[in-house]
Amino acid sequence: MPSLSEKLRSLGVRVGTDPESKSTQKPANEPVRVNLESVFGGRLVSTERGLAYFVEATYPADYIHGIYPISTQNTLNVISQVVNDPRLAQMGYEDLAFIDTETSGLNGGTGTFAFMIGVGRFIAGSFVLRLYFMPDPSMEAGMLRALADFLAPCKALVTFNGKAFDAPLLRNRYLLNDDICPFNGFAHLDLLTLSRRLWRARLPSRALKYLENEILGVFRASEEVPGYEIPWIYFDYLKSGDPEPMKRVFYHNTLDVVSMVTLLNLFNSVLEDPHGEQLSHGQDIIALARVFEDLGMWDDAARLYERGLREQMPEEDFHQAVKRLAVLHKRRGDLELAEALWCSAAEEGYLYAYIELAKLHEHRYKNPSVALSWVERCGTMISTKELPDYEVYYWRIEIEKRRERLVRKTKPKSSG
Amino acid sequence: MSLQQLIDGIKRDHDLSPNIITWRTLPAKQADLTNLPIDLAPVLEKALLDQGIHNLYTHQFSTWQAVKAGENVVLSTPTASGKSLAYNLPILDELIKHPSSRALYLYPTKALTQDQANVLQQTARSVGSNLIKPAIYDGDTVTGDRSKIRSSANLILTNPDMLHAGILPHHTLWVDFLSQLKFIVIDEIHIYRGVFGSHLANVLRRLNRIAARYGAFPQFIMTSATIANPREHAERVIGRSARLIDEDGSGHGERHFMLFQPPLIDPGLGLRKSATPDLLKMAEMTLEMGVQTILFARARRTVEILLKQTREILVRKEKRSINDRSLISSHQVMGYRSGYLSAERRQIEKALREGEIRMVVATNALELGIDIGQLDISLMFGYPGTISSLRQQAGRAGRGLSPSLAVLVLTSGPLDQYLARHTEYIFGRDTEAALIDPDHPLILLEHLRCALFELPFSHGEKFGELDIGEFLEFIKESGQAYQNEGKFYWMSSEYPASTISLRNASANITTLVEFEKDRQRVVGKLDRESSYWMAHPEAIYLHGGEQYLVKEFDLEKGLVTLSRSNADYYTDPERVQEIDLIQIQNAQQVKGGSKTLGEILVRSRVVGFTKRTWGSGEILEKAALEMPETNLNTVGYWISLSAESLKRIEKTGLWTNSPNDYGKFWPMIRDQIRERDHFRCQVCGAEEKLKNHHVHHKTPFREIIRRGMAEEYNRTDSDQNLKVPQNLIDRANRLDNLVTLCESCHRRVEQNVLIRSGLAGLGSVLKNLATLSLMCDSEDLGIHFDPQSSLSEGSPMVVIYDMVSAGIGFSAKLFNDHEQLLLQALDLVENCPCDDGCPACVGPAGENGVGGKSEVIAILREMV
């Protein structure tokens, strides 16, 4: 009788039945991970759910990561409004837990687990980072409990894409280990969401590593490992027992967590002091202006728009910003400023500006004949431009419906 | 217009009435009723009373009692006997009395799910107070609604595929639901046989494992069509014991069941008149009488052809009498089959319920309990392949206590003809059994991967009742599991459920599209293997009554581009296959030879196709194709003849029997060929000496005559005295069909032809009979024969194999039933009234075969 393995192979089962993959297999039940400590330092602790292993590093308050210091004097006031979670306004940095996980896959589902959880928090001004690492899947319960103990004083999570990925995954793991998830009821600041708001226009990617290079001035060493290799490094480690290649994953996870801290600091400082010098790129300042506009802080928003518009940026972005600023002025009641912006936009041939001016004169200034003249000039403008048909069609309708009404309004009442 | 008038009409019709060979009338039956259960929740009782339900059928009451007693139940009663109410009642009662309880309903199709959800929602409204909260959770459920459904619904309807790929791998999201899971309903459990059923059994092992993890041990309630082994099958699917409830308490009106046998036009050749004209005539009568009809056809293509023809009849009528408002328009006849998009199907179902559509031409896709209301008449074109299908199709007819009619129009296929002589299969007790193999190694392996992903396995943990240590070791060896302290963990970044399809051996799909003004429109989808022969380049493909030509087949993308076509031909693919032996599992000597069960590799390829005219089937053109080879590693059962048997068959000299009359010019032609071939044997090269060499027909003379006659008489529908026309004789005696052979070579060549045809005939008889006991479709089994097979060390053999990778147990059962199978075969062939084989017994032989009936009988006599 052929063995099951031979039989399955003869039926076309392909996955790894070749003898090569077998050779890297370590014999079953080899004693667990002897030399972790000698490679990484760190220590084993016992919890009520078994042993846990972690490596700890402390970053003093004056530690500089990239171009930014790790500590900050800022509060969480403005950011709590931006993410619309008032609980954060009551908290300080010592209440935050910065978390990032390294996992066995990206697909989710109960078969995906975290084998490393990097978590850091501020203790007496210093940033204390712990990398909890699971030397063996049988030690998951211990790792989770140790993490829970470390998180006990905290009230909020800070993650990068953790709302979609890390938090639900960890919640699953606690559930599967019949343990209580320590961050139920925590506030959650997901820095990816904020990064998108600030850099969607300027940066082609908002991946953390990209932000490090472009914004934080952090450049990873050659130890860095691409994310997709990480599960395999861990699986190989389990098979071979050799912790050496895991070094790169420890490095990766460390940077992921520490970079989150300076990234949050940067957000906080631009939000607390929007007119400072942290941001220099025009598009970034315009993006910040929009954040303040959305918060209803129109004066700050207008100042930021004006400042941003002084910087270099692609023409289309520039005019989008002008357009928004003019609307903002109008909303704030500053009609003259709005009018001035539209006039200069009209001079540059932007059709929307003619229509806005017509609306301004018709509805605010109650001056239909000036409004009509802007509409007429818009009509002339169209014929001088080479526009696609559908666009011409759109503007013609905009013009005609106004012209008709304005002509009626400008006629002397007695003749009616 | 009443059904009685239609029946009278058929009775009076001179074309139809003589051909009704069986007419059973099942008298109306009063229902056996009981009172509603006294412990029924009052709100539910009121809801039932509001719906006009004052009593239960006895089987519904028995179900209530068994479920209340905590038993697993399988309910096997006929179509339209109120099975849904039977399982709903105890479950809804529980949900009302214990609001934390949860129930999971599994349906084989999304369509059926929709249908049952509508029914439940009505009941839920009628019960009120938000006590029953049913919701569908399947692939179509909007992502935004999912979490709400998980947390608030207490009755979730889904399908096994969603359970497998969408629910179980994310079971932590379902903790609240699963920990309170009290009931699992599996509707239409007979559908889950073969591969699909084996998959389901494993999905349920996973579900039970996870439910147990959360402290739940749900009760199973299943329904089944009437099959021979509902209880055994149900128990194998759920892996637990179950109680069978099969006494039917429902009532029905008078039921007529007719078998319509198209007349023989040549008893000798076993040729029957085509059934299509009579079928269309019946269809036309039913439309005229205003009774709503369902017409079942076996093949997707037949559906399209019948649809086209029925509509043409209606269009002709419309043209003749434009102002007649009572006329049914051609849009009131619709097709329905797999390959139609689901929105299209929902619309047709609705229009049927509302009576807007007067006739639907369907495949068995409409057989499942999809609610199209009850119709008046079920016309079935050909035996649908299983008795339970036949009963379900027939069961589509019959509203309440009014009379109904089901007509099975027999084809000349062997099973149809076998049933015509053995109506006890139709009207007697159930003989067909559903077969599954939950321990099929490939299927089991796939589900163990999923199960391991879902939860680690502890040392010695079983999967259902199965020890799986070896499998876990294998998964570990292949690098997808990690083991420590006896526990196995999933160790891969893969999400295994996403790569496994429950329905199919292959997860590959081919999409069919057409371009409408530069825009691509999806016409339908096919599994990859079928697409190679149904939609190869230049194939004529039919869909929705439209005829398409395949313009392009992009093998890499699995994309077929169609364009509408009004070609007057259809295409017939030509497939070749070869079989390699992998390993023998069991071999035994039997009378006349041996029987073997073993693993084989079947390699097949579409190598070309033939264009044939609609109607006469005349060959217009043959073309070659290059399509990819498909490999099937499976299990087969083969029988081979011993050398002694072969010698005895040869000695009977079958091939010298009944010499053919080759026509008056034969001596002249014969001499001309000998001269052409320089009086040398064209095989061994021997020169003609004392005795004249023979002249051999490459395509047998009898075969050419038989086929020619068939074409001739199919077209004229007359049974005049059969004289072979000279032009047919000339066709057989064409010079390029003739070759000079020496006597001994001739004998060998002829012998080969005869053995071939004997084997071909035997193969087709055995395969057809096998489907009767295995409850499988004809497509589930493959056959192959070879006069000199490597499978049998060069002796003649016939192999029947499972069309499923690794086999699903069909061949194994045939191997065990060998003797009975051969006995049935001999009975069938010997008692067939034809002279030398016909489609009803040994089947039409291949291009180069002959009838082969006597050869088949000779082989069978050796072996029985």
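Quick caveat, the model's predicted, so the values are computed rather than measured. (Residues numbered from 1 in each chain as written. Chains lettered and ligands numbered in written order. Predicted model: local features only at pLDDT ≥ 70, side-chain atom pairs only at ≥ 80, totals over all residues.)

## So, the overall build of chain A
As a reminder of what qualifies: We count a stretch as a helix when DSSP gives it H or I for four or more residues in a row; a strand needs E for two or more, and each element gets its number in order from the N terminus. Radius of gyration: over C-alpha atoms. The globule rule applied is 2.2 Å multiplied by the number of residues raised to the 0.38 power. Whether a residue is buried, exposed or partly exposed follows from its count of other C-beta atoms within 10 Å of its own C-beta, namely 20 or more, 12 or fewer, or something in between, respectively; the C-beta atoms are built from the backbone. By the convention adopted here, residues are in contact when the distance between their C-beta atoms, placed from the backbone, does not exceed 7 Å.
Looking only at helices and strands, one finds 17 helices and nine strands in chain A. Against the globule reference of 22 Å for 416 residues, chain A gives a C-alpha radius of gyration of 30 Å, more extended than a compact globule. Dimensions along the principal axes, computed over C-alpha positions, put chain A at roughly 105 × 60 × 40 Å. The buried share among the 416 residues of chain A stands at 38%. Considering only intrachain contacts with a sequence separation of at least 6, the fraction spanning at least 24 residues in chain A is 65%.

## Observations concerning the overall build of chain B
Secondary structure assignment for chain B yields 27 helices and 35 strands. A globule of 864 residues ought to have a C-alpha radius of gyration of about 29 Å, and chain B, at 30 Å, matches this closely. The dimensions of chain B, computed from C-alpha atoms along their principal axes, are 100 × 80 × 60 Å. Burial status across chain B gives 48% buried among its 864 residues. Long-range contacts, defined here as pairs at least 24 residues apart, represent 72% of the contacts in chain B between residues at least 6 apart.

## Observations regarding the sheet that holds strand β17 (residues 377-381) of chain B
All names here are of chain B. Counted only if it meets this: Paired strands, as defined in this entry, are two strands with at least two bridges between them according to DSSP. With axes taken as lines fitted to C-alpha atoms, and helix axes fitted only over the stretch in contact, angles between N-to-C directions fall between 0 and 180 degrees.
Spatial strand order, β1-β11-β18-β17-β14-β16-β15: seven strands in an open sheet with mixed pairing. The open sheet is flanked by β1 (20-26) and β15 (333-336), the only strands paired with a single partner. Along the sheet, successive strands turn relative to each other by an average axial angle of 15 degrees, direction set aside. Bridge count for β17 against strand β18 (residues 404-409) is five bridges, and the pairing is parallel. In the sheet register, Leu379 faces β18, and the bridge partner there is Val407. Against the sheet, helix α14 (residues 387-394) contacts β11 (255-260), β14 (293-297), β17 and β18, and its axis sits at roughly 145 degrees relative to β17.

## With respect to the sheet that holds strand β7 (residues 155-158) of chain B
Note: strands within a sheet are paired through backbone hydrogen bonds, in either parallel or antiparallel orientation. All names here are of chain B. The parallel open sheet is built from seven strands, whose spatial order is β6-β7-β5-β8-β9-β4-β10. Either end of the sheet is taken by a strand with one partner, and the two such strands are β6 (134-136) and β10 (243-245). The average undirected angle you get between the axes of adjacent strands in this sheet is 20 degrees. Here four bridges tie strand β8 (residues 181-186) to strand β9 (residues 219-224), and the two strands are oriented parallel to one another. By the bridge assignment, Ile186 is partnered in β9 with Met222.

## A look at the domain arrangement of chain A
Worth spelling out the cut-off: Domain ranges listed in this record stem from an automatic or a database domain assignment.
One can read the domain layout of chain A as domain 1 (36-272) and domain 2 (349-416). Between domain 1 of chain A and domain 2 of chain A, the C-alpha centre-to-centre distance is 56 Å.

## Let's talk about the pairing of β14 of chain B
Residues and elements named next belong to chain B. Within β14, five of the five residues are buried, which leaves the element mostly enclosed by the surrounding structure. Residues Thr293, Leu295 and Ala297 point to one face of β14 and Ile294 and Phe296 to the other, with burial holding for every one of them. Pairing geometry for β14 and strand β16 (residues 359-362), over four bridges, is parallel. Within β16, the position partnered with Leu295 by the bridge is Val361. Relative to β17, β14 runs parallel, the two sharing five bridges. In the sheet register, Leu295 faces β17, and the bridge partner there is Leu379.

## Regarding the packing of helix α15 (residues 351-364) of chain A against helix α16 (residues 368-384) of chain A
Residue and element names in this part refer to chain A. Heads up, the condition is: Here the word oblique covers every angle except those under 35 degrees (roughly parallel), over 145 (roughly antiparallel) and from 65 to 115 (roughly perpendicular). Crossings are classed by handedness, with left-handed meaning an anticlockwise turn of the near helix from the far one by less than a right angle and right-handed meaning a clockwise turn. Charged residues are taken to be Asp, Glu, Lys and Arg, nonpolar residues to be Ala, Val, Leu, Ile, Met, Phe, Trp, Tyr, Cys and Pro, and polar residues to be all remaining types, Gly included.
α16 packs onto α15 with a crossing angle of 165 degrees between their chain directions and a minimal axis gap of 7 Å. Accordingly, the angle class assigned to the pair α15 and α16 is roughly antiparallel. As for the relative orientation of α15 and α16, their crossing is left-handed in sense. Contacts between α15 and α16 involve Leu351, Tyr354, Ile355, Leu357, Ala358, His361 and Glu362 from the first element and Pro368, Val370, Ala371, Trp374, Val375, Arg377, Cys378, Met381 and Ile382 from the second. Tallied by class, residues from the contact of α15 with α16 come to 13 nonpolar, one polar and two charged.

## Remarks on the interface of chain B and chain A
Facing 31 residues of chain B, the contacting portion of chain A comprises 31 residues. At the level of secondary structure, the elements contributing two or more residues to the side of chain B that touches chain A comprise α17 (441-454), α18 (469-477), β21 (481-484) and β22 (487-490) of chain B. Top contributing element to the side of chain B that touches chain A by residue count: α17 of chain B, with five residues. When grouped by side-chain class, the residues that make up the side of chain B that touches chain A number 15 nonpolar, 11 polar and five charged.

## Quick look at helix α12 (residues 298-309) of chain A
All names here are of chain A. Rule in force here: By this rule the span expected of a helix is its residue count minus one, scaled by 1.5 Å. Here the arc refers to the set of directions running from the helix axis out to each C-beta atom.
Compared with the 16 Å implied by 1.5 Å per residue over 12 residues, the 16 Å span of α12 between its first and last C-alpha is a close match. Taken together, the buried positions of α12 are Ala301, Ala302, Leu304, Tyr305 and Gly308. One face of α12 carries all of its buried residues, which in axial projection span an arc of 165 degrees. On its buried side, α12 packs onto α11 (282-295) and α13 (315-332).

## With respect to helix α27 (residues 853-863) of chain B
Among the 11 residues in α27 of chain B, eight count as buried, and that is most of the element. Of all the positions in α27 of chain B, only Lys853, Ser854, Glu855, Val856, Ile857, Ile859, Leu860 and Met863 of chain B are classed as buried.

## A word on the environment of Arg346 of chain B
Looking at the element boundaries, Arg346 of chain B is found in helix α13 (residues 342-353). The class for Arg346 of chain B is partly exposed, based on 15 C-beta atoms found within 10 Å.

## Here we look at unusual backbone geometry
Despite not being glycine, Asn84 of chain A has its phi angle at roughly 60 degrees, a positive value. Structurally, Asn84 of chain A can be placed in the loop between α4 (77-82) and β5 (96-103). Positive phi outside glycine occurs at His678 of chain B, with the angle close to 55 degrees. Tracing the backbone through its elements, the reader meets His678 of chain B in the loop between α21 (666-676) and β32 (694-697). The exposure class assigned to His678 of chain B is exposed, which follows from the 10 C-beta atoms found within 10 Å.

## A short note on the pairing of β17 of chain B
Burial analysis of β17 of chain B places five of its five residues in the buried class, the great majority of the element. Residue alternation in β17 of chain B divides its side chains into two sets, Ile377, Leu379 and Phe381 of chain B and Ser378 and Met380 of chain B, and both sets are buried.

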